[in-house]
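A look at the structure
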Amino acid sequence: MKNNKIQAHAAIFFANVIFGLGVPVTKILLEDWVSPMTYMAVRCLGAAIIFWIIAAFMKSEHVERHDLLVIMVGGLMGVVVSQTLTAWALNYTSPVYFSLIATLTPVAVMLMAALFIGERITGLKFLGVLLGIGGAVLMVVMGQTSGSGSNDLLGITLAILSVLTWAIYMIITRKVAQKYTPVTQMKYVFLISAVVTVPLAWPELSAQPLFSADTFGWDGALEMGFIVLGATVLGYFLIPFAMKSLSATTVSIYTNLQPMVASFVAIFIGQDRLTWDKPVAAILVLLSAYIVTVVTTKSENK
């Protein structure tokens with residue numbers, strides 16, 4: 001049991017490090033190699049192929065028709081809409097601002113759960129929401145005056161929409177996710193995502209530097225490979241593995257690694273610069289996520 005706990009902690013740690021690294025890598029891809037839609041099409045198609053290959057070597061699961069519909073609709077929301085918004089957000093704002101907004105995911109899930117399924121928001125949770133909003137407002141205001149993105153206001157807005165859409169996906173698929181293995185779910189999620197994104201990206205594919213014989217570079221191919229294999233496929237394996245031995249609250253705490261890793265790498269490679277507002281915003285949004293996911297859980301379990 002102890003070894004399982006250690007392995008679970010290691011899995012969730014590395015998953016969030018990978019996701020954190022994925023933010024500045026995506027920024028590089030969007031700046032140098034592909035458009036947001038091409039990025040999404042390659043990511044979805046690559047993940048779909050890999051998950052279907054893996055599924056071919058596993059015991060087949062029968063998916064009920066209603067559940068399949070939920071998985072696919074959820075996939076459209078959680079991958080096509082949310083991740084396309086993510087790509088566009090990183091096209092306009094810095095990895096630091098984006099990763100800080102992404103940390104508000106637990107807050108967004110709580111708000112969407114209150115809106116769609118009537119979950120109660122306690123006073124403590126409301127305080128967490130206010131802190132998160134304060135951090136987001138600070139980023140918007142400072143982004144307008146000293147941000148390093150091409151349009152930080154638009155990028156931060158798209159990032160918030162991405163987080164809200166992802167929260168809706170988690171609410172929609174909450175029950176279905178407990179019935180089927182991650183591979184079964186993901187092979188359908190990325191299949192429908194590829195069916196939607198590949199036709200949209202196809203007309204512009206040959207114009208992208210990554211897919212042109214004159215401008216192709218192995219560094220771009222390796223970066224895209226990292227996104228498909230690491231930030232997509234491997235991440236979806238490590239998180240379910242960890243959640244078998246760890247509580248959802250413990251798993252959510254590790255998500256705070258993502259903005260730390262993304263910010264450090266982005267500043268180190270010159271994608272962003274450290275200004276006073278970023279540590280303050282980080283404190284506000286991380287405290288917001290902590291209150292919503294940890295403090296309120298403890299108080300409700302007493």
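A count of helical and extended segments in the chain gives twelve helices and zero strands. Taken from N to C terminus, the helices and strands of the chain fall in the order α-α-α-α-α-α-α-α-α-α-α-α. Of all 302 residues assigned to the chain, the portion counted as buried reaches 50%. Sequence-distant contacts, at least 24 apart, represent 90% of the contacts inside the chain between residues at least 6 apart. With the model as given, the accessible surface of the chain reaches about 14500 Å², and the carbon-plus-sulfur share is 70%.

With that out of the way, let us pick up the packing of helix 4 (residues 95-102) against helix 7 (residues 152-172). At a minimum axis separation of 9 Å, helix 4 and helix 7 run at an interaxial angle of 30°. One element, helix 4, and the other, helix 7, form an angle in the roughly parallel class. The two elements helix 4 and helix 7 cross, and the hand of that crossing is right-handed. Note on element contacts: helix 7 touches helix 4 through Asp-152, Ile-156, Ala-159, Ile-160 and Val-163, opposite Tyr-97, Phe-98, Ile-101 and Ala-102. Here the residues of the contact of helix 4 with helix 7 sort into eight nonpolar, no polar and one charged.

Let's shift gears to the packing of aromatic side chains. Under the defined criterion, the tally for this structure stands at seven aromatic pairs. Ring centres 5.5 Å apart and planes at 85° place the aromatic pair Trp-52 and Tyr-188 in the edge-to-face group. Of this pair, Trp-52 sits in helix 2 (residues 36-56) while Tyr-188 is found in helix 8 (residues 182-201), placing the two residues 136 residues apart along the sequence. Here Lys-187 stacks its cationic end above the ring of Trp-52, 4.5 Å away from the centre of that ring.

Moving on, we get to the environment of Gly-225. Secondary-structure assignment places Gly-225 in helix 9 (residues 218-243). Along the chain, Gly-225 and Gly-46 lie 179 residues apart, while their C-alpha atoms are 8.8 Å from each other.

Attention now goes to the nonpolar core. One broad rule of soluble globular proteins: the nonpolar side chains tend to lie buried together. Among the nonpolar cores identified, the biggest contains 72 residues, and Leu-29, Tyr-39, Ile-101, Met-139 and Phe-190 are the most heavily contacted of them. Top contributing element to this core by residue count: helix 1 (residues 2-32), with ten residues.

A word on helix 11 (residues 257-268). Relative to the 16 Å expected for twelve residues at 1.5 Å per residue, helix 11 spans 16 Å between its end C-alpha atoms, a close match to the ideal helical length. When helix 11 is considered as a whole, its buried residues turn out to be Pro-259, Val-261, Ala-262, Ser-263 and Ala-266. Two residues or fewer after helix 11 comes Gly-270, characterised by a positive phi angle close to 85°.

A cluster of nonpolar side chains, contributed by Leu-111, Ile-121, Phe-126, Leu-130, Ile-133 and Val-137, occupies part of the molecular surface with about 500 Å² of accessible area. Considering each element in turn, the nonpolar patch owes the most residues, four residues, to helix 6 (residues 123-146). Topologically, Leu-130 is positioned in helix 6. Residue classification places Leu-130 among the partly exposed positions, given a relative accessible area of 45%.

So, on to the environment of Gly-230. Examined against the element boundaries, Gly-230 turns out to sit in helix 9. In sequence terms Gly-230 and Leu-21 are 209 residues apart; their C-alpha atoms lie 9.6 Å from each other.

Moving on to the pattern of salt bridges. Pairs can form between side chains of opposite charge whenever their charged atoms are close. One pass over the full model with this rule turns up two salt bridges. In this structure, the salt-bridge partner of Lys-179 is Glu-64, at a minimum N-O distance of 3.9 Å. A residue pair is termed long-range when its members are at least 10 positions apart, and Lys-179 in the loop between helix 7 and helix 8 and Glu-64 in the loop between helix 2 and helix 3 (65-92) qualify at 115 residues. Assessed through its relative accessible area of 41%, Glu-64 is described here as partly exposed. Across the pair Asp-67 and Lys-179 runs a salt bridge, and its minimum N-O distance is 2.6 Å. Of this pair, Asp-67 sits in helix 3 while Lys-179 is found in the loop between helix 7 and helix 8, placing the two residues 112 residues apart along the sequence. Using a relative accessible area of 44% as the deciding quantity, one classes Lys-179 as partly exposed.

Turning our attention to the confidence of the model for the chain. This prediction gives the chain a mean pLDDT of 83; 89% of its residues lie at or above 70. Mean pLDDT values for the elements of the chain range from 66 in helix 10 (residues 248-254) up to 94 in helix 2.

Locating Tyr-180 in the fold gives a position in the loop between helix 7 and helix 8. We classify Tyr-180 as buried; its relative accessible area is 9%. Separated by 113 residues in the primary sequence, Tyr-180 and Asp-67 place their C-alpha atoms 9.6 Å from one another. Each residue touching Tyr-180, except ones within four places of it in the same chain, is listed here: Glu-61, His-62, Val-63, Glu-64, Asp-67, Ile-71 and Gln-185. At 2.6 Å, the side chain of Tyr-180 forms a polar contact with the side chain of Asp-67.

Cut-offs used in this document
Residues numbered from 1 in each chain as written. Predicted model: local features only at pLDDT ≥ 70, side-chain atom pairs only at ≥ 80, totals over all residues. Heavy atoms only, no water. Helix = DSSP H or I, 4+ residues; strand = E, 2+ residues; numbered from the N terminus. Buried < 20%, exposed > 50% of the residue type's maximum accessible area, 1.4 Å probe, protein only. Contact = heavy atoms within 4.5 Å. Areas by Shrake-Rupley, 256 points an atom, 1.4 Å probe, with all protein chains shown as cover. Axes fitted to C-alpha atoms, helices over the stretch in contact; angles between N-to-C directions. Parallel < 35°, antiparallel > 145°, perpendicular 65-115°, else oblique. Left-handed = near helix turned anticlockwise from the far one by under 90°. Nonpolar A, V, L, I, M, F, W, Y, C, P; charged D, E, K, R; others polar. Phe/Tyr/Trp six-rings, centres within 6.5 Å; stacked < 30°, edge-to-face > 60°. Lys NZ or Arg CZ within 6 Å of the ring centre and 35° of its normal. Core = buried A, V, L, I, M, F, W, Y, C linked by side-chain atoms within 4.5 Å. Expected span 1.5 Å × (residues − 1). Patch = residues over 30% accessible without salt bridge, like charges linked within 9 Å, V, L, I, M, F, W, Y side chains within 5 Å. Salt bridge = Lys/Arg side-chain N within 4 Å of Asp/Glu carboxyl O. pLDDT = per-residue confidence, 0-100. Polar contact = N/O pair within 3.5 Å; in protein donor to acceptor, adjacent residues only side chain to side chain.

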